Amino acid sequence: MLIYCQIDNMLESGGVLIGKVKTDYSEIQIVDITEPTIYDKSGKYYFVRNKEHSQKLINEYWGKSDGILNYIGEWHTHPEINPSPSKIDEDLLSYCVKNNIYMFPWLFMIIVGYTGNLYLGYQTKKMIAQKKLELKGSD
């Protein structure tokens, strides 16, 4: 994700988070991310992932892993030092969780700032949690 930090007037970039979840939900692991594609739309202040192309990639992970790996959220960049979700980001998470759009009762979102600082958030039907992380040195 860090290679897509918005430096030198780069456009927003993003993709999906692929992970696996223990059956009792006691552990969630992000194991891979998808990279931006030519099918996505982006500008300095927006990123719209191509759903059809992303779904094909998610299906490939699911199939190759015998149903272990699946979509668990989104990542994208923001042109900020300390990124935070926009109203659109928050509304997207809320809508998807409330309407059971995805397999799990929660979704993760990672937003990458232009210095590599990260925002990590997730939402369930009952709560929103978030953390800002600063990368230091070789972290």
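The structure under discussion appears in the preceding block.
As the structure is a computational prediction, the values presented were derived from the model and not from experiment.

Brief notes about the overall build of the protein
And then number 1: Along its length, the protein carries two helices and eight strands.
And then number 2: Counting from the amino terminus, the protein carries its helices and strands in the arrangement β-β-β-β-α-β-α-β-β-β.
And then number 3: The burial tally for the protein puts 39% of its 139 residues in the buried class.
And then number 4: Within the protein, residue pairs in contact and separated by at least 24 positions form 62% of the contacts whose partners lie at least 6 positions apart.

Observations concerning the pattern of salt bridges
And then number 1: For the structure shown, the criterion picks out three salt bridges.
And then number 2: Taking the shortest distance from any N to any O, the salt bridge between Glu27 and Lys22 comes out at 3.8 Å.
And then number 3: For the salt bridge of Lys87 with Asp91, the shortest nitrogen-to-oxygen distance reads 2.9 Å. You can see Lys87 and its partner Asp91 sitting in helix 2 (residues 87-98), four residues apart, about one turn around the helix.
And then number 4: Taking the relative accessible area as the measure of exposure, Asp91 reaches 39% and is therefore partly exposed.

Points about the packing of aromatic side chains
And then number 1: By the definition in use, this model includes two aromatic pairs.
And then number 2: Aromatic pair Tyr4 and Trp75: ring centres 5.9 Å apart, planes at 45 degrees, arrangement tilted. Residue Tyr4 is found in the segment before strand 1 (14-21), and its partner Trp75 is found in strand 5 (residues 70-77); the two are separated by 71 residues along the sequence. With respect to burial, Tyr4 and Trp75 carry one shared label: buried.
And then number 3: Considering the side-chain rings of Phe108 and Tyr122, the 5.5 Å spacing of their centres and the 40 degrees angle between planes classify their relative orientation as tilted. One end of the pair, Phe108, is in strand 6 (residues 106-112); the other, Tyr122, is in strand 7 (residues 118-124), with 14 residues separating them in the sequence.
And then number 4: Judged by relative accessible area, Phe108 falls into the buried class, the value being 14%.
And then number 5: Take Tyr122: its relative accessible area is 28%, and that puts it in the partly exposed class.

Parameters at a glance
- Each chain carries its own residue numbering, running from 1 in the direction its sequence is written.
- Totals for whole chains, interfaces and linings use all residues, but because this is a predicted model, local features are given only for residues with pLDDT of at least 70 and pairs of side-chain atoms are given and counted only at 80 or more.
- Note: side-chain values were computed over all heavy atoms of the structure, leaving out hydrogens and water.
- Numbering of helices and strands runs from the N terminus, with a helix taken as a DSSP run of H or I at least four residues long and a strand as a DSSP run of E at least two residues long.
- We call a residue buried when its accessible area falls under 20% of the maximum for its residue type, exposed when it is over 50%, and partly exposed in between, using a 1.4 Å probe and counting protein chains only.
- Throughout, a contact is declared for two residues whenever any of their heavy atoms are within 4.5 Å.
- Salt bridges are defined as contacts in which a side-chain nitrogen from Lys or Arg sits within 4 Å of a carboxyl oxygen from Asp or Glu.
- Side-chain rings of Phe, Tyr and Trp (the six-membered ring for Trp) are treated as a pair once their centres are within 6.5 Å; stacked means planes under 30 degrees apart, edge-to-face means over 60, and tilted covers the remaining angles.

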